[in-house]
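# Per-entry structural report
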Amino acid sequence: FPWETIREYKEIRFLYYDGIAMISINRPEVHNAFTPLTVKEMSEAMELARQDERVGVVILTGEGGRAFCSGGDQSVRGHGGYIGDDHVPRLNVLDLQKQIRSIPKPVVAMVAGWAVGGGHVLHVICDLSIAAENARFGQTGPKVGSFDGGFGASYLARVVGQKKAREIWFLCDQYDAQDALSMGLVNKVVPIEKLEETTVEWCRKMLANSPIALRMLKSAFNAELDGQAGIQELAGNATLLYYLSDEAKEGQRSFLEKRKPDFRKFPKFP
Ligand code: 1HA
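Note that the structure is a prediction, hence the values are computed from the model and not measured.

### What about the UniProt feature "site: Important for catalysis" (unreviewed entry) in the chain?
UniProt tags Tyr82 and Tyr243 as "site: Important for catalysis" (unreviewed entry). For this annotated set, covering 162 residues, the C-alpha atoms extend up to 42.8 Å from each other, a dispersed arrangement in space. Topologically, Tyr82 is positioned in strand E7 (residues 81-83). A relative accessible area of 13% places Tyr82 in the buried class. Not counting chain neighbours up to four residues away, the residues in contact with Tyr82 comprise Pro36, Gly72, Asp73, Gln74, Val76, Arg77, Val88, Pro89, Arg90 and Leu91. At a separation of 3.1 Å, a polar atom in the side chain of Tyr82 contacts the side chain of Gln74. For Tyr243, the position within the fold is in helix H10 (residues 227-243). We classify Tyr243 as exposed; its relative accessible area is 59%. Once residues lying within four places of it in the same chain are set aside, the contact partners of Tyr243 are Ala248 and Lys249.

### Things to note about the sheet that holds strand E8 (residues 89-90)
The strand order E6-E7-E8 describes an open sheet built from three strands, whose pairing is antiparallel. The open sheet has two free edges, formed respectively by strand E6 (77-78) and E8, since each of these has just one partner strand. Here two bridges tie E7 to E8, and the two strands are oriented antiparallel to one another. The residue of E8 that forms the bridge with Ile83 is Pro89.

### What about the site of the ligand?
Looking at the ligand, there are 24 residues lining it, with Ser70, Gly72, Gly118, Thr140 and Ser146 nearest. Separating an oxygen atom of the ligand from a backbone N or O atom of Gly72 is a distance of 2.7 Å. The separation between an oxygen atom of the ligand and a polar side-chain atom of Ser146 is 2.5 Å. Relative to its unbound accessible area of 1100 Å², the ligand is 64% covered by the protein chains. Elements with a contribution of two residues or more to the shell around the ligand: helix H2 (93-102) and strand E10 (114-116). Residue composition of the shell around the ligand, by class: eleven nonpolar, ten polar and three charged.

### Brief notes about helix H6 (residues 162-171)
Owing to its 3.6 residues per turn, the α-helix aligns residues three or four sequence positions apart on the same side. Those residues of H6 not exposed but buried are Ala165, Ile168 and Trp169. Looking straight down H6, one finds that the buried residues subtend no more than 85° of arc, so they occupy a single side. The exposed residues of H6 that point more than 90 degrees off its buried face are Lys163, Phe170 and Leu171. Of the surrounding secondary structure, the elements contacted by the buried residues of H6 are helix H3 (118-125), helix H4 (141-144), helix H5 (151-160) and strand E13 (175-176).

### Looking at a nonpolar patch on the surface
On the surface, a nonpolar cluster with roughly 310 Å² of combined accessible area is contributed by Ile212, Leu240, Leu241 and Leu244. Within the secondary structure, Ile212 sits in helix H9 (residues 211-225).

### Here's the deal with helix H11 (residues 246-256)
Buried residues of H11: Ala248, Glu250 and Ser254, and no others. Along H11, the residues classed as buried sweep out an arc of 155° about the axis, all on the same side. In H11, those exposed residues whose orientation departs by more than 90 degrees from the buried face are Asp246 and Leu256. Just past H11, the residue Lys258 takes up positive phi, approximately 50°.

### What to know about the sheet that holds strand E12 (residues 136-138)
The sheet built from four strands is open, its strands ordered E5-E10-E12-E13 with mixed pairing. A single partner strand is all that each edge strand has here, and the edge strands are strand E5 (67-69) and E13. As paired elements, E5 and E10 share two bridges and run parallel to each other. Looking across to E10, one finds that Ala67 is bridged to Trp114.

### Description of the pattern of salt bridges
Opposite charge on two side chains makes pairing possible when the charged atoms of those side chains draw close. Following the criterion strictly, the structure yields 14 salt bridges and no others. Glu250 is the salt-bridge partner of Arg259, the closest N and O atoms lying 2.7 Å from each other. It is possible to trace a salt-bridge network through shared partners that takes in Glu11, Arg27 and Asp73.

### A short note on the nonpolar core
Here is a general trend for soluble globular proteins: nonpolar side chains tend to be buried in one another's company. By size, the foremost hydrophobic cluster in this structure holds 48 residues, and its most contacted members are Ile23, Val58, Leu60, Ile100, Leu122 and Phe137. Residue contributions to this core peak at five residues, all from helix H1 (residues 36-51). If we ignore the near neighbours within four places in the chain, the residues touching Leu60 are Ile23, Met42, Met46, Phe68, Ile100, Val107, Val108, Ala109, Met110, Leu122 and Cys126. Of all hydrophobic cores here, the second largest spans 18 residues; its members include Ile20, Ile59, Met110 and Ile130.

Definitions and cut-offs
Residues numbered from 1 in each chain as written. Predicted model: local features only at pLDDT ≥ 70, side-chain atom pairs only at ≥ 80, totals over all residues. Heavy atoms only, no water. UniProt positions renumbered as here; feature names shortened; annotations may be inferred. Helix = DSSP H or I, 4+ residues; strand = E, 2+ residues; numbered from the N terminus. Buried < 20%, exposed > 50% of the residue type's maximum accessible area, 1.4 Å probe, protein only. Contact = heavy atoms within 4.5 Å. Polar contact = N/O pair within 3.5 Å; in protein donor to acceptor, adjacent residues only side chain to side chain. Pairing = 2+ DSSP bridges. Near = heavy atom within 4 Å. Areas by Shrake-Rupley, 256 points an atom, 1.4 Å probe, with all protein chains shown as cover. Nonpolar A, V, L, I, M, F, W, Y, C, P; charged D, E, K, R; others polar. Arc of directions from axis to C-beta. Patch = residues over 30% accessible without salt bridge, like charges linked within 9 Å, V, L, I, M, F, W, Y side chains within 5 Å. Salt bridge = Lys/Arg side-chain N within 4 Å of Asp/Glu carboxyl O. Core = buried A, V, L, I, M, F, W, Y, C linked by side-chain atoms within 4.5 Å.

This is the structure in structure tokens:
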């Protein structure tokens, strides 16, 4: 597909094609492990994708065909977090996780090769995951001295169930694409040559559907799990829809025209 670069970055690629934004981690030599800079760039790209009215769906992936993402770069892990040029320890991938969850557009993980550790959590949080046959999944935290007890544990358990989620974290085993499909961890498995084509096809199906319906559904799926923050998202969408109505516009107009609002003419639905 003729992807165009939206913005140049050091550690990611950020591309656009036909309603789809693609954020791709570009550190294949370390299986797309992320540094604080990688995550900062991904966060900025995610925000740009959110603001860009051309974009209806976001693909998250990694370069090279051998890895989606291998989690935090252990070579820059320091005292209290992952350390960048400013010498400050950070766990900024947690903020990116929240962005993936709250962007009101579907985010699709396109997974070839390794999705492990914090990289596995990223695909778990995406709305959909499409895997190549060479995909390998797992959590490694308890092996390398880390854990993600946030979405990485609780949302994983919502996806695959409590027993399986505890197995994944406690044993740190690796799972192939078929294992992942059978536990509901991915939506589809395809040969690697078909990975991008299939992912774009799925994106196109979503792009052909009502964007507000998709937006409402994403926030509705989140609302049950995300407490007040989830309800805030859903309610924000309700406000958006209300602002589109004549009834809400009458309130605004009456204020600006310094008169009493006339809400009597609006229907009182059963
Ligand atoms: O848990 C968290 C967090 C929790 C809370 C809040 C924030 C968090 C943020 C991050 C994380 C984490 O991600 S912790 C988990 C970190 N990741 C890992 O433990 C996975 C480490 N990698 C591996 O176990 C293996 O590389 C592999 C199973 C994915 C692939 O093995 P393979 O095919 O044998 O390749 P390998 O030779 O190991 O890797 C190729 C190169 O990539 C190696 O470098 P080279 O020897 O060629 O110089 C390898 O060191 C490098 N590499 C792979 N993964 C990482 C990495 N370098 C740094 N960090 C990595 N994560």
